[in-house]
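The residues making up each chain are set out below.
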Amino acid sequence: MGGHILEQPLPNNYMNQLDPFLLIHHAEWELKGNQRQQEVGIGGHPHRGFSPVTFVFQGDVRHQDSFGNDATVKAGGTQWMHAGKGIVHSERPSAELAQKGGAQEIIQFWVNTPAKYKMEKPYYLPLSEEKTPSIKEENYTVQIVAGEYKGIRGPAKTFSPMLLMRGEIKEGGVAEFEIPSHFNTLLYLLDGGLVVNGERVEKKDLVWFKNDGELLNISADETTRFIILSGAPIDEKITSYGPFVMNTQTEIMEALRDAQIGKMGVLIENFN
Ligand code: MN
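Residues numbered from 1 in each chain as written. Predicted model: local features only at pLDDT ≥ 70, side-chain atom pairs only at ≥ 80, totals over all residues. Heavy atoms only, no water.

Colleague: Can you help me understand the sheet that holds strand E10 (residues 123-127) in this one?
Modeller: In any sheet, the strands associate via hydrogen bonds between backbone groups, in a parallel or an antiparallel arrangement. An order of E2-E9-E4-E7-E10 is seen for the 5 strands of this open sheet, with the pairing classed as antiparallel. Two strands in the sheet have a free side with no partner beyond their single neighbour: strand E2 (21-31) and E10. Geometrically, the sheet is characterised by an average inter-axis angle of 10° between neighbouring strands, direction not taken into account. (Pairing = 2+ DSSP bridges. Helix = DSSP H or I, 4+ residues; strand = E, 2+ residues; numbered from the N terminus. Axes fitted to C-alpha atoms, helices over the stretch in contact; angles between N-to-C directions.)

Written out as structure tokens, the structure reads:
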């Protein structure tokens, strides 16, 4: 086990990234209501060279992009995007949530892409809870968003081998996950408490494993929601700047220029 920290997923004081995972944000807030959609969330902004992925835990997230995609994903679902050569998108609570108010809780994480796939055509997949394959055991449930686990394949397309799961485990539950030994693995707890391979982990702790084990054994002393992000390291030099993750400084300059001259498209949002 690499270690664990409080309230800071990624990057943190111990590491900049755990290849291929670049960043994790866990956000939870209460919308006050009586707002218009354009007043909440994040308006149009570009990305290139990686996949920003959002797991929705409470409320919803509406995604609109410069390729004409427009979808709202509710709690239990996932907004999956591979930015590829460039896309402009917005990420906001739905008009209904902005109007009514209520909780919105998400985890967004960034997955790097191997150099040779960074300039692919952008790929977008809105995934509801119902369309996410899951394994339901007596004391725990896991949803498989990408990669394969126990013969079940998650629907999201990735450009390097990985296994991305989210789940819930009830107090007293015990679960064991087999993970390829060459994968880097992160486990993050949204709440509750777990014992992970013998070590006690609190809510908002991040636990990571650098190629050092095939078995992840968890037992819940409190009911908790968790995510497991696991993937083969890409092992390439990264240069990132704001919403762009490339390999060289020249590619970052190109990304800035291409975004400015409209090569990543134009997003005109709908607010109905
Ligand atoms: Mn974004």
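Colleague: Explanation requested: the domain arrangement of the chain in the structure shown.
Modeller: The parts lose accessible area when they come together, and the size of an interface is often stated as this lost area. Once the domains are mapped, the chain shows domain 1 (7-131 + 237-265) and domain 2 (132-234). Summarising the inter-unit geometry, the C-alpha centres of domain 1 and domain 2 are found 22 Å apart. Contact with domain 1, which involves 37 residues of that partner, is made by 33 residues of domain 2. For the pair domain 1 and domain 2, the two sides together bury roughly 3,000 Å², of which 71% comes from carbon and sulfur. Broken down residue by residue, the surface that domain 1 buries against domain 2 is led by Leu-18, Phe-21 and Trp-80, which jointly contribute 19%. Joining domain 1 to domain 2, the criterion identifies 1 salt bridge. One salt bridge in this structure joins Glu-105 and Arg-225, with 2.9 Å as the shortest N-O distance. At the boundary of domain 1 and domain 2, one finds 10 residue pairs in polar contact (both at pLDDT 80 or more). Sorting the residues of the side of domain 1 that touches domain 2 by element identifies E2, strand E4 (50-58), strand E7 (78-82), strand E9 (102-112) and E10 as the ones contributing at least two each. Partitioned by chemical class, the residues of the side of domain 1 that touches domain 2 number 20 nonpolar, 10 polar and 7 charged. (Domains from an automatic or database assignment. Contact = heavy atoms within 4.5 Å. Buried area = accessible area lost by both parts, 1.4 Å probe. Salt bridge = Lys/Arg side-chain N within 4 Å of Asp/Glu carboxyl O. Polar contact = N/O pair within 3.5 Å; in protein donor to acceptor, adjacent residues only side chain to side chain. Nonpolar A, V, L, I, M, F, W, Y, C, P; charged D, E, K, R; others polar.)

Colleague: Is there a simple way to explain the pattern of salt bridges in this structure?
Modeller: Think of it this way: side chains of opposite charge can pair up when their charged atoms draw near. Summed over all chains, the structure comprises 12 salt bridges. With a shortest N-O distance of 3.0 Å, Lys-100 and Glu-96 are connected by a salt bridge. Placement of both Lys-100 and Glu-96 in helix H1 (residues 95-100) is noted, with a separation of 4 residues, approximately one turn of the helix. Residue Lys-100 is classed as exposed on the basis of its relative accessible area, which comes to 65%. Residues participating in the shared-partner salt-bridge network are Arg-200, Glu-202, Asp-221 and Glu-222. (Buried < 20%, exposed > 50% of the residue type's maximum accessible area, 1.4 Å probe, protein only.)

Colleague: Before we go on, may I ask you to explain the environment of Ala-255 in this structure?
Modeller: Its place among the elements puts Ala-255 in helix H2 (residues 249-260). Residue classification places Ala-255 among the buried positions, given a relative accessible area of 0%. It is 9.2 Å that separates the C-alpha atoms of Ala-255 and Val-245, two residues lying 10 residues apart in sequence. Look past the residues within four positions of Ala-255 in its chain and what remains in contact with it is Arg-48, Phe-244 and Met-264.

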